[in-house]
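# Structure at a glance
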Amino acid sequence: MRVRIGICLTGVLILSQGMAQPPHSLRMMAEWEPVEWLVVSWPQPFPALREIVSYAQEVCSVMVITPDPHTAREYLLQGKVPLSRVVFRTASVNSVWIRDYGPMTLYAGAAQTRLLADWTYNRPRPLDDRVPELISLWLGDSLLPTGPPQRLLTHAGGNLLADGLGTGFSSRLVLRENAQGMSGSRAEKLVRDIAHDYLGINRYILMRELPYDGIHHLDMHLKLLDEETLLAGMYPPGVSDGPWIAHNLAELQETYQNPLGRPYRILPIPMPTDHGRYPDQGGRYFSYVNSVIVNTLVLVPQYGLPEDSLALELYRQYMPGYHIKGINCREMISAGGALHCLTQTIGVREPCQIIHAHLDARPAGDTWIRARVHTAANLQAVVLVYAQGPEADWHRIPMTQDTVSGYWVAQLPPGQAGDSCRYYLEAITPSRTFRRPAPGPAGAWVVRWQASPYR
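So, a few notes on the structure that sits alongside this text. Fair warning: this is a prediction, and the values are worked out from it, not measured in the lab.

### Here's the deal with the sheet that holds strand β19 (residues 297-302)
Read from one edge to the other, the open sheet built from three strands follows the order β18-β19-β20, with strand pairing classed as mixed. Only two strands of the sheet have a single neighbouring strand rather than two, namely β18 (292-294) and β20 (323-328). Along the sheet, successive strands turn relative to each other by an average axial angle of 25 degrees, direction set aside. Pairing of β18 with β19 involves three bridges; the strand directions are antiparallel. Bridged to valine 294 within β19 is leucine 297. Seen against the sheet, helix α1 (residues 47-56) touches β19 and β20 and runs at an angle of roughly 165 degrees to β20. Lying over the sheet, helix α9 (residues 308-318) contacts β19 and β20, oriented at roughly 160 degrees with respect to β19.

This is the structure in structure tokens:
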């Protein structure tokens with residue numbers, strides 16, 4: 001059993017082999033929540049890493065883990081990358097795939113204390129497997145091993161998507177990796193129990209593995225854009241993994257609603273060919289889904305293919321207001337990964353969740369906006385910001401908290417049939433203002449007024 005290293009809240013170094021009882025009220029951060037750090041592993045320089053650092057340092061701090069900080073620094077400077085928000089940490093690593101072995105952000109209890117989750121990496125790469133311990137030391141965050149000392153979870157971060165509200169998604173690879181002689185039902189109970197107790201995942205949706213996805217990591221063909229929306233890589237009918245992806249999505253929609261009580265919205269994006277060949281024809285497993293969201297920035301894989309421009313346009317359509325940047329991933333895609341696999345994100349210390357089932361179309365008339373706001377910080381105000389019409393000025397309405405339901409509520413001014421209204425929400429704390437959607441006015445939700453169905 002490897003020794004786990006963490007930092008307690010008093011700053012005293014702790015050495016342990018796991019926790020008998022994890023903290024209560026854990027939740028795993030969603031990727032679209034506010035990010036403090038983007039972390040990359042850098043065993044050797046290559047262009048995609050330089051571009052990731054260049055773009056990401058505009059919206060968060062960047063940690064570069066490398067055995068040779070001098071070479072990494074010089075490579076960035078040669079590319080004219082500013083280093084004002086870049087920190088170099090010296091450590092040897094086996095690979096660049098930090099999404100799989102890096103720590104995931106957890107928040108614990110009413111205080112929303114930031115923790116870092118660690119599992120046994122599902123590859124025989126001991127230097128990589130030690131990285132979560134190092135990051136916990138560098139950041140001063142407690143490290144939470146996922147599982148009791150005698151049975152830690154074996155997993156990979158690229159095969160775990162979380163919505164921040166207790167739902168997790170993985171391929172059933174995680175069951176095979178943790179079976180170790182157990183029956184299928186016992187392995188599934190073990191995995192679900194550990195996910196619940198140590199990751200705050202109350203609803204774990206496990207999808208069948210795909211025959212042509214060699215690593216069986218869900219982030220190669222599925223991505224959560226928000227609590228209600230999934231971006232899905234799609235093949236033509238009957239091609240490659242297309243039938244299995246279609247089956248997984250159909251089963252999802254038939255079995256589950258999203259955490260806000262509505263059907264999941266599935267947004268398609270093509271899985272491109274390798275110069276005309278799909279994976280079932282010997283082509284490489286190219287994917288535009290393996291992107292990474294960092295605050296208001298989205299980094300999207302590119303391959304020098306005709307489909308690249310369509311992928312960027314779809315992201316702009318699906319995620320309005322975000323800065324969409326393409327990075328060439330042709331060099332590493334043969335190894336089974338792209339931008340999501342190359343990065344890990346660490347959430348902010350004082351998070352704030354704004355949870356709202358946004359409106360698309362409503363009967364003309366009065367419309368109430370309701371949202372839940374979760375934060376341990378001193379919440380100074382929650383504000384509804386709206387503009388009636390595409391060119392109209394923005395107006396602000398303070399929201400009030402309903403003492404019974406706990407929802408924050410405000411009323412939009414009445415609209416006329418055929419008109420539209422843009423809106424977004426703000427939660428203001430002493431340290432910062434949180435917005436949902438994150439880009440604020442540039443990515444505002446749009447509600448369209450329709451004629452009333454009643455006479």
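### Examining the environment of proline 145
Mapped onto the elements, proline 145 comes out in strand β10 (residues 142-145). For the pair formed by proline 145 and serine 431, sequence separation is 286 residues and the distance between their alpha carbons is 30 Å.

### A few points about the pairing of strand β7 (residues 104-108)
Counting buried residues in β7 gives five out of five residues, a clear majority hidden from the surface. Side chains Met104, Leu106 and Ala108 project from β7 onto one buried face, and the interleaved Thr105 and Tyr107 project onto a second face that is buried too. Relative to β7, strand β3 (residues 26-28) runs antiparallel, the two sharing three bridges. Directly across from arginine 27, in β7, lies its bridge partner tyrosine 107. Relative to strand β8 (residues 113-118), β7 is paired through five bridges, and the arrangement is antiparallel.

About the thresholds
Position labels on residues start from 1 in each chain and follow its written sequence. Local features in this predicted model are restricted to residues of pLDDT 70 or higher, and side-chain atom pairs are both shown and tallied only at a pLDDT of 80 or more, whereas totals for entire chains, interfaces and linings draw on every residue. Derived side-chain values reflect all non-hydrogen atoms in the structure, with water molecules and hydrogen atoms excluded from consideration. Think of it this way: DSSP has to see at least two bridges between two strands before they count as a pair. The way it works is that DSSP assigns letters per residue, a run of H or I at least four long becomes a helix, a run of E at least two long becomes a strand, and they are numbered from the N terminus. Where helices are involved, their axes are fitted lines through C-alpha atoms of the stretch in contact, as for all axes, and angles between N-to-C directions lie from 0 to 180°. Any pair of residues with heavy atoms lying within 4.5 Å of one another is described as a contacting pair. For every residue, the accessible area (1.4 Å probe, protein chains only) is compared with the maximum for its type, and the residue is labelled buried under 20%, exposed over 50%, or partly exposed between those bounds.

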